[in-house]
Amino acid sequence: MELLAVSKTFPAELIAEAAAAGQRLFGESRAQECLEKIPALSPQLRWHFIGHLQSNKVRKVLPLCEAFHSVDSTALALDFERIAAEEGCRPQVYLQVNVAGDGRKFGFTADSVRREIGPLLALKRVEVIGLMTIPPLVADPELSREHFAALRELRDRIGTETGIPLPGLSMGMSADFETAIEEGATVVRVGSVLFGAR
Ligand SMILES: *Cc1c(COP(=O)(O)O)cnc(C)c1O
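First, a word on what this report is: a plain description of the structure on this page. (Residues numbered from 1 in each chain as written. Predicted model: local features only at pLDDT ≥ 70, side-chain atom pairs only at ≥ 80, totals over all residues. Heavy atoms only, no water.)

Considering unusual backbone geometry
Its identity as a non-glycine residue notwithstanding, Thr-9 has a phi of 70°, on the positive side. By the secondary structure assignment, Thr-9 is in the loop between strand E1 (2–6) and helix H1 (12–20). (Helix = DSSP H or I, 4+ residues; strand = E, 2+ residues; numbered from the N terminus.)

Quick notes on the pairing of strand E2 (residues 25–28)
As a general feature of sheets, a regular strand has side chains that alternate between the two faces. Judged by which residues are buried, E2 turns out to be covered on both faces: Leu-25 and Gly-27 on one side and Phe-26 and Glu-28 on the other are all buried. Pairing between E1 and E2: 2 bridges, direction parallel. When the sheet's bridge partners are listed, Val-6 is paired in E2 with Gly-27. Note that the unit made of E1, H1 and E2 has a crossover that is right-handed. (Buried < 20%, exposed > 50% of the residue type's maximum accessible area, 1.4 Å probe, protein only. Pairing = 2+ DSSP bridges. Right-handed = clockwise from strand over helix to strand, strands pointing away.)

A closer look at empty space enclosed by the protein
For the structure shown, the criterion picks out 1 cavity of 30 Å³ or more. Here the largest cavity is characterised by a volume of approximately 30 Å³. Along the walls of the largest cavity sit Gln-96, Val-97, Asn-98, Arg-104, Phe-106, Gly-107, Thr-133 and Ile-134, which together make up its complete lining. Here the residues of the lining of the largest cavity sort into 3 nonpolar, 4 polar and 1 charged. (1 Å grid on protein atoms, 1.4 Å probe; cavity = no way out; pocket = protein on both sides within 12 Å on 5 of 7 lines; lining within 4 Å. Points joined across faces, edges and corners; volume = space filled by probe spheres on them. Nonpolar A, V, L, I, M, F, W, Y, C, P; charged D, E, K, R; others polar.)

So, the nonpolar core
Note that soluble globular proteins tend to have their nonpolar side chains buried in a common cluster. Within the largest apolar cluster, 51 residues are counted, with the highest numbers of intra-cluster contacts made by Phe-68, Phe-80, Leu-95, Val-128 and Leu-131. The element contributing the most residues to this core is helix H4 (residues 74–87), with 5 residues. Of all hydrophobic cores here, the second largest spans 9 residues; its members include Val-6, Leu-25, Ala-67 and Val-187. (Core = buried A, V, L, I, M, F, W, Y, C linked by side-chain atoms within 4.5 Å.)

Looking at the site of the ligand
Near the ligand you find Val-6, Lys-8, Ile-50, Met-132, Ile-134, Met-173, Ser-174, Arg-189, Val-190, Gly-191, Ser-192 and Arg-198, and these make up its full shell. Taking Lys-8, its side chain carries an N or O atom lying 2.7 Å from an oxygen atom of the ligand. Side-chain polar atom of Arg-189 to a nitrogen atom of the ligand: 2.9 Å apart, as the coordinates give it. Here the ligand loses 88% of its free accessible area of 390 Å² to cover by the protein chains. With respect to the pocket detection grid, the ligand is positioned in the largest pocket. Residues belonging to the shell around the ligand are distributed by class as follows: 6 nonpolar, 3 polar and 3 charged. (Near = heavy atom within 4 Å. Polar contact = N/O pair within 3.5 Å; in protein donor to acceptor, adjacent residues only side chain to side chain. Areas by Shrake-Rupley, 256 points an atom, 1.4 Å probe, with all protein chains shown as cover. Sits in = over half its atoms within 2 Å of the grid points.)

Describing the layout of surface pockets
By volume, the largest pocket is sized at about 620 Å³. Lys-8, Ile-134, Leu-137, Met-173 and Arg-189 are, among the 29 residues lining the largest pocket, the residues nearest its centre. Residues that form the lining of the largest pocket fall into these classes: 13 nonpolar, 9 polar and 7 charged.

Describing helix H5 (residues 110–121)
An ideal rise of 1.5 Å per residue puts 16 Å on 12 residues; H5 measures up with 16 Å between its terminal C-alpha atoms. Burial in H5 covers these residues: Ser-112, Val-113, Ile-117, Leu-120 and Leu-121. Buried residues along H5 cover an arc of 130° about the axis, so they all sit on one side. For H5, exposure combined with an orientation more than 90 degrees from the buried face picks out Arg-115 and Pro-119. Tucked into the core, H5 has its buried residues touching H4, strand E5 (92–96), strand E6 (127–132) and helix H6 (145–162). (Expected span 1.5 Å × (residues − 1). Arc of directions from axis to C-beta. Contact = heavy atoms within 4.5 Å.)

Looking at the packing of aromatic side chains
One pass over the full model with this rule turns up 4 aromatic pairs. Centre to centre, the rings of Phe-49 and Phe-68 are 6.1 Å apart; their planes meet at 35°, and the pair counts as tilted. Of this pair, Phe-49 sits in strand E3 (residues 46–49) while Phe-68 sits in strand E4 (residues 67–71), placing them 19 residues apart in sequence. A single burial state applies to Phe-49 and to Phe-68, both of which are buried. An angle of 75° between the planes, with centres 4.9 Å apart, marks the rings of Phe-68 and Phe-80 as edge-to-face. One end of the pair, Phe-68, is in strand E4; the other, Phe-80, is in helix H4, and 12 residues separate them in sequence. Classification of Phe-80 as buried rests on a relative accessible area of 1%. Ring pairs connect the aromatic residues Phe-49, Phe-68 and Phe-80, which therefore count as one cluster. (Phe/Tyr/Trp six-rings, centres within 6.5 Å; stacked < 30°, edge-to-face > 60°.)

As structure tokens, this is what we get:
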């Protein structure tokens, strides 16, 4: 289980402090912030992109981040594949799934990810390593448990159906990371409990 320290909106100096305390893995959600902060910080740090990425921003961010948590359509994954080949990158991606089915604008549904994942697992440059979800905002993290469990079951089911096990489960934020870990998260995306309120 890895802790992704979500540093979006926080200045490079604060990230450098966390790095001095031993944290190496950081998450950003806006292309412009990546372009400003990542080159300004130690090359020892590792970066994951966690936001919705418009296809016209992919080329800029791809060389800066080792993984992308919010690949929310097959079209975007294919953009990644083409641009990664041109730029010489090998991005790891999580497919964002709306397991709660709450009619969000972005993300696969449980059905669409099962239907569409086959060709995505065969991509040469893009390595699909798992699934990611953001459950609906609720006051009690216990209410998110069923969505975390649903993502884990979906991940396992896809492994059985395709014969290619998916290791990654990106789930859990400041309010509910403990529950997500209990349900099998392999990476939690935690910002405000580490860095303060945004
Ligand atoms: C901002 C953000 C987080 C971190 O949220 P906190 O509540 O500050 O821990 C996690 N995941 C995504 C996708 C985010 O945009």
